[in-house]
Each structure stands twice: as structure tokens, then as C-alpha cells.
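If you want the building blocks of each chain, they are given just below.
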Amino acid sequence: MSICTLPEGFFFGAAMSGPQTEGAWQRYGKLESLWDTWSNERIEDFHNRVGSYAGNDFTNRYKEDFELLRSLGLASWRTSIQWTRLLDANGKLNPEGSEYYHRLFASAEAVGLETFVNLYHFDMPTYLFRRGGWESREVIEAYATYARIAFREFGQEIKYWFTFNEPIVEPQQRYTDAVWYPFHHDFAQARTVQYGISIAHSLAVAEFRELQGTGQVRADAKIGLINCFTPPYTKEDPSEADLLAVRMADGIDNRWWLDLVTKGSLPEETIGALSSRGINLPVRAGDEQILAQGTVDWLGFNYYRPERIQAPERDVDEYGNPVFASEYAWPDAVMNESRGWEIYPKGIYDFGMTMARDYPDLEWFVSENGIGIQGEGAFRDASGTIQDDYRIDFVRQHLSWIARAIEEGAKCRGYHYWGVIDCWSWNNAYKNRYGLVEVNLDNGYSRHLKKSAGWFKRVTATHAIE
Ligand code: IFM
């Protein structure tokens, strides 16, 4: 593609999360999250035995990190408040935790960075997990209370709020694929969790609207949801069964959330198909009204990879779960071998076009995009700088497809690069590095610009994608 430009007003920022950057896991009265519990119980599950306590030293360095983000021309950054830091074990405000976040947000504002706050990034408090996690109405209501407290506490400071980051991931990683604690292979339980999160999201949006109505949340604030949508594709010459499988995978992973945040309901075809295989959601009287309150002001789209689907190869898996779709190994796929994810920049454009066609009123931004590479030290030059041309290429291609989608009517308003500064990535810990800025674990978490940082700075300054 030739050089193209992104429109004036298009914003650039940094995506981060509390649990992956803050560290300080036992400071400011923080409670245990499931990540701390898993790290304590089985540290050998974490790459190089680096557990949840690591972060990237952000709690000690946030002032210099904000300067660094500004020096790259970024206008905004997203983090998440940790539920385990903001509230105490009785579900009341923890003053130490709240002071920490007030200091953080004031510091970002002081350098001219707009803060986007997300309320949940896979970090369930362990004591609430033990009471049933997202399967329990008590916990779902506790989340709504937490959201209310956060909105009241920071309602005059923060303009951009999100209820959840990637709500599809816990159902997949914890309850279907068994790669995250508590390691279950239970499709029905995963859908119950997904439903519980949907109710929690909607209750939080209702709290937000009420507090905005009474002036406790600023009038210009917006609420949204962020998900890792996966544009679905199948074979070039698909059968009816392939197309049905695509609709089902798309229904569970993507349209579930898109319908929830635009229509205030869940996709009927998907729920009906689940039900026809004996998967019934734990619907209670009054839920329809709760879900109806889940519509948002805008959406975050985390884009890493597409999903390639074909008709199921079997009806039931080895754990007794119904199978609705199988993975299709597209022969032309280009892979990021470090992560095992396909790289398909056009997916970002296809998603934009789907949004323009099916959800035309909703504004959105790319809330995460990036590439994590193992063993980046091999790309260090004589001066010590990592020459990450592969990252420049990755971002260039994605931004070019975004520019084209915007030209063709997509309401994409900005782009947050995931990580910007290397950070801890769950059980992969520091295996794959995403940053434009390197974090040196052998030298007190010191920061060093990679080649991509200079390139990205030119893009943020000119909006031209060289
Ligand atoms: O590290 C994660 C983040 O927490 C959610 N989105 C994907 C990132 C990279 O794997």
C-alpha cells in the first residue's frame, strides 16, 4: 500500500493494565487477586517463574513513564483500576488504594495525558472467586458496587470509562481451554461466566448513567466496553455447515458483545443454538431489563488476530462438551511464532466495515494492537538498541488498513498501541515483549527506546504512515 494518512483529530495512545504494570502487589492495602493466588500456589506455571508480583515497576516510575509517553507524541493512555486495590475485603473503599489512583491520574493530567480507565482486566479478587466468581449473583452485584464506588471516587477526574477488557477471555482461558487458573474444560460453565459478565457490565453501565444524571460523574464522560474481537473467516468455497460454524463462533465471540452494547440484548440465533444443545444460561426474572441497560457510548476493539473457522470435526469433545466449530488451518496464514497468533492486518479493516454495516451508529477505537516477540535481544545492535523492524512493519500495515476503513466510512477515532512499555503478560510473564520501549529486567526495570519508538513518534506527529 502507498503512504496514507490518518485524519486530523485521530488520537494515539498507550494501552496498559493495572495487574500487568503496577507491581506493588502487597502495598497500599492490596488484596489477593486470582493471579497472586496462582503465583503463590504454582509459580512453576509462569515463564521463568515470574509471577503476578512483577508488573513493570510502574508504581515507582509512573511520573517518568508519563513523560516518556508524551515524548512519543501520545495523547492518552489506558490503565485499569485493580478491584483488589481500590476496595477492602468488606467491599468498602480502601483509602490507601484510592489515594494511589488519585495521585496517578493527577500526574498523567499534569503532563497533558488523558487517562482512560477500565474497571476489570481478568483480576478477580480471590475471596470473591471463592464465593463463585462470575457464576455468583452476589459477586456480580459486588462488581456493580465496586463500579459505583469507582465512578463516585473518580467521577470528576476521568472522562473515559470501560467496564471490562476482553470479557470473552476468562470464559475461554479459565473455563474452556484450561490454560488459566482454575483450569476447567467446561463449555457450559464458560457460557454461564460469559452471561454473568454481561449482567455485571450492564449493571455497571446503569450505575454510571445514574451517577452521571446526578452530577457525580462529569457530564462529558463516556462509558464503553473493550473486547478482543476476532474477524471470522472460513474456506474460500464453504459448505452450509462451514457457514453455520462461522455464525456460531462469531455469535459467541463477537456478536454477543456487539449486540449487548448496541441493542441491550444477546444474539437470539446464538442463544437458541446453545439451548438446542442443552446449554441454557442462568437467566433470572428481570435480566432482560438489566441487559437492556448495557448499551454504551463507544467501543474499544483490541485487534491481534482473526479466527478461521470450519464445520465441527466432531459433535462432542473428549470432555463431553458440544462442539459448534473447528479451527480451519488457512494455508496462507502468516504467523507470529512467538505467540502462535496469525498476523492478518486486513482483519482490522474487515471489522471496521462490519461495524459500518451492522452497527453504524457506534463510534470505536483500536484499544489494543501490537506484537509480542520472544528473544528480542537477538535484534540488539552495537549501540544497544533493539532494531524491531518487524514491529514497525506490523503497526504500519495495521494503521494503513485503519486509514482505508476510515476513508470508507468506519467510525474509528483512535489507536492505542498495546504495551508501549514492555510489561508482564500473565503466565507468559516477560517471554514475549510488546513494547516500543524495552524494560531491562537485569537493570532495575530501566527503560530504553527501541527503533520502533522513533518511527511511531514520527507517525503521531504527522499522521502519515510512512
Ligand atoms: O497482555 C494482553 C492483555 O492483557 C490483553 N490483550 C492482549 C495482550 C497481549 O497478549
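What you are looking at is a predicted structure, and each value in this text was computed from that prediction instead of being measured.

Rules of the game
- Residues numbered from 1 in each chain as written.
- Predicted model: local features only at pLDDT ≥ 70, side-chain atom pairs only at ≥ 80, totals over all residues.
- Heavy atoms only, no water.
- Helix = DSSP H or I, 4+ residues; strand = E, 2+ residues; numbered from the N terminus.
- Rg over C-alpha atoms; globule rule 2.2 N^0.38 Å.
- Buried < 20%, exposed > 50% of the residue type's maximum accessible area, 1.4 Å probe, protein only.
- Contact = heavy atoms within 4.5 Å.
- Areas by Shrake-Rupley, 256 points an atom, 1.4 Å probe, with all protein chains shown as cover.
- Lys, Arg positive; Asp, Glu negative; His and termini not counted.
- Charge placed at Lys NZ, Arg CZ, Asp CG, Glu CD.
- Pairing = 2+ DSSP bridges.
- Axes fitted to C-alpha atoms, helices over the stretch in contact; angles between N-to-C directions.
- Expected span 1.5 Å × (residues − 1).
- Bend = angle between axes of the 7 residues up to and from the residue.
- Near = heavy atom within 4 Å.
- Polar contact = N/O pair within 3.5 Å; in protein donor to acceptor, adjacent residues only side chain to side chain.
- Salt bridge = Lys/Arg side-chain N within 4 Å of Asp/Glu carboxyl O.
- Core = buried A, V, L, I, M, F, W, Y, C linked by side-chain atoms within 4.5 Å.
- Parallel < 35°, antiparallel > 145°, perpendicular 65-115°, else oblique.
- Left-handed = near helix turned anticlockwise from the far one by under 90°.
- Nonpolar A, V, L, I, M, F, W, Y, C, P; charged D, E, K, R; others polar.

Enquirer: Before we move on, can you summarise the overall build of the chain with the specific residues and values?
Expert: Counting its secondary structure elements, the chain contains 15 helices and 19 strands. The globule rule puts the C-alpha radius of gyration for 466 residues at 23 Å, and the 21 Å found for the chain is close to it. Its C-alpha atoms put the chain at 60 × 55 × 45 Å along the principal axes. Here the chain, with 466 residues, has 59% of them falling under the buried criterion. Considering only contacts within the chain whose residues lie at least 6 apart along the sequence, 77% involve residues at least 24 apart. Summed over all atoms, the accessible surface of the chain reaches about 18,100 Å², with 47% contributed by carbon and sulfur. When the 47 positive and 66 negative side-chain charges of the chain are each reduced to one mean point, those points stand 3 Å apart.

Enquirer: Provide a residue-level description of the sheet that holds strand S10 (residues 326–327), including the pertinent values.
Expert: In spatial order, the strands read S7-S9-S10; together these three strands make up an open sheet with mixed pairing. Every interior strand has two partners, whereas the edge strands, strand S7 (232–233) and S10, have only one. Pairing between S7 and strand S9 (residues 307–310): two bridges, direction parallel. Looking at S9, one finds that proline 232 is bridged to glutamate 307. Contacting S7 and S9, helix H10 (residues 240–263) crosses the sheet at an angle of about 140 degrees to S9.

Enquirer: Which residues make up H10, and what are the values?
Expert: The end-to-end C-alpha separation of H10 is 28 Å, well short of the 34 Å expected for 24 residues at 1.5 Å each. The sharpest bend along H10 measures roughly 55 degrees and falls at glycine 251. Immediately beyond the C-terminal end of H10, within one or two residues, lies glycine 264, with a positive phi of roughly 70 degrees.

Enquirer: Please provide a residue-by-residue account of the site of the ligand, values included.
Expert: The immediate surroundings of the ligand are formed by Gln20, His121, Phe122, Asn165, Glu166, Tyr304, Trp341, Glu368, Trp418, Ser425, Trp426 and Tyr434. Glutamine 20 places a side-chain nitrogen or oxygen 2.7 Å from an oxygen atom of the ligand. Between the ligand and histidine 121, the relevant distance is 2.8 Å, taken from an oxygen atom to a side-chain nitrogen or oxygen of the residue. Its free accessible area being 280 Å², the ligand has 95% of it covered by the protein chains.

Enquirer: Help me get a handle on the environment of tryptophan 38, residues and values and all.
Expert: With respect to the helices and strands, tryptophan 38 occurs in helix H2 (residues 34–41). Tryptophan 38 gets classed as buried once you look at its relative accessible area, which sits at 2%. The spatial distance from the C-alpha of tryptophan 38 to the C-alpha of tyrosine 143 is 21 Å, given a sequence separation of 105 residues. If we skip the residues at most four places from it in the chain, tryptophan 38 touches Ile43, Asp45, Phe46, Val179, Trp180, Tyr181, Phe183 and Asn427.

Enquirer: Summarise the side chain of aspartate 123; cite the residues concerned and give the values.
Expert: Among the secondary structure elements, aspartate 123 is positioned in the loop between strand S4 (114–118) and helix H6 (126–129). For the buried aspartate 123, no salt bridge is present, and the opposite-charge side chain at shortest range is lysine 30, 6.9 Å distant. Within the structure, aspartate 123 has its side chain in polar contact with the backbone nitrogen of histidine 121 (distance 3.0 Å). The residues contacting aspartate 123, other than those within four sequence positions of it, are Pro19, Ser33, Trp35, Ile81, Gln82 and Trp83.

Enquirer: Quick rundown of the nonpolar core? Include the residues and the values.
Expert: Where a protein is soluble and globular, its nonpolar side chains tend to be buried together. Trp134, Trp161 and Leu399 are the most contacted members of the largest nonpolar core, which has 131 residues in total. The element contributing the most residues to this core is helix H9 (residues 187–213), with twelve residues. Setting aside its immediate chain neighbours within four residues, leucine 399 contacts Leu6, Phe12, Tyr415, Trp455, Phe456, Val459 and Ile465.

Enquirer: Talk me through the pairing of strand S8 (residues 298–302); I want residue IDs and the actual numbers.
Expert: Among the five residues that make up S8, five are buried, leaving the element largely enclosed by the rest of the structure. Here S8 shows two buried faces, one formed by Trp298, Gly300 and Asn302 and the other by Leu299 and Phe301. Note that strand S6 (residues 222–227) and S8 share four bridges and pair parallel. Across the sheet, residue leucine 225 finds its bridge partner in S8, namely leucine 299.

Enquirer: Describe the sheet that holds strand S5 (residues 160–165), and please don't skip the residues or the numbers.
Expert: Strand order in the closed barrel made by the eight strands is S2-S3-S4-S5-S6-S8-S13-S15, with parallel pairing throughout. Averaged over all adjacent pairs, the angle separating strand axes in this sheet is 30 degrees, with direction ignored. The strands touched by helix H5 (residues 95–110) within the sheet are strand S3 (76–80) and S4, with S3 carrying the most contacts at an inclination of about 170 degrees.

Enquirer: Can you explain the pairing of S4? Please cite residues and give values.
Expert: S4 sits mainly inside the fold: four of its five residues count as buried. Taken together, the five bridges between S3 and S4 define a ladder with parallel strand orientation. Within S4, the residue paired with tryptophan 77 across the bridge is threonine 115. In terms of strand pairing, S4 meets S5 through three bridges, oriented parallel. Bridge pairing links phenylalanine 116 to tyrosine 160 in S5.

Enquirer: Help me get a handle on the packing of helix H14 (residues 389–407) against helix H15 (residues 451–462), residues and values and all.
Expert: The geometry of a pair of packed helices is captured by two quantities: the angle between their axes and the separation between those axes. Two elements in contact, H14 and H15, have axes whose closest approach is 8 Å; the angle formed by their N-to-C orientations is 25 degrees. Considered as vectors, H14 and H15 are oriented roughly parallel to each other. The two elements H14 and H15 cross, and the hand of that crossing is right-handed. The residues of H15 that touch H14, namely those facing Asp389, Arg391, Ile392, Val395, Arg396 and Leu399, are Lys451, Ser452, Trp455, Phe456 and Val459. Looking at the contact of H14 with H15, its residues break down into six nonpolar, one polar and four charged.

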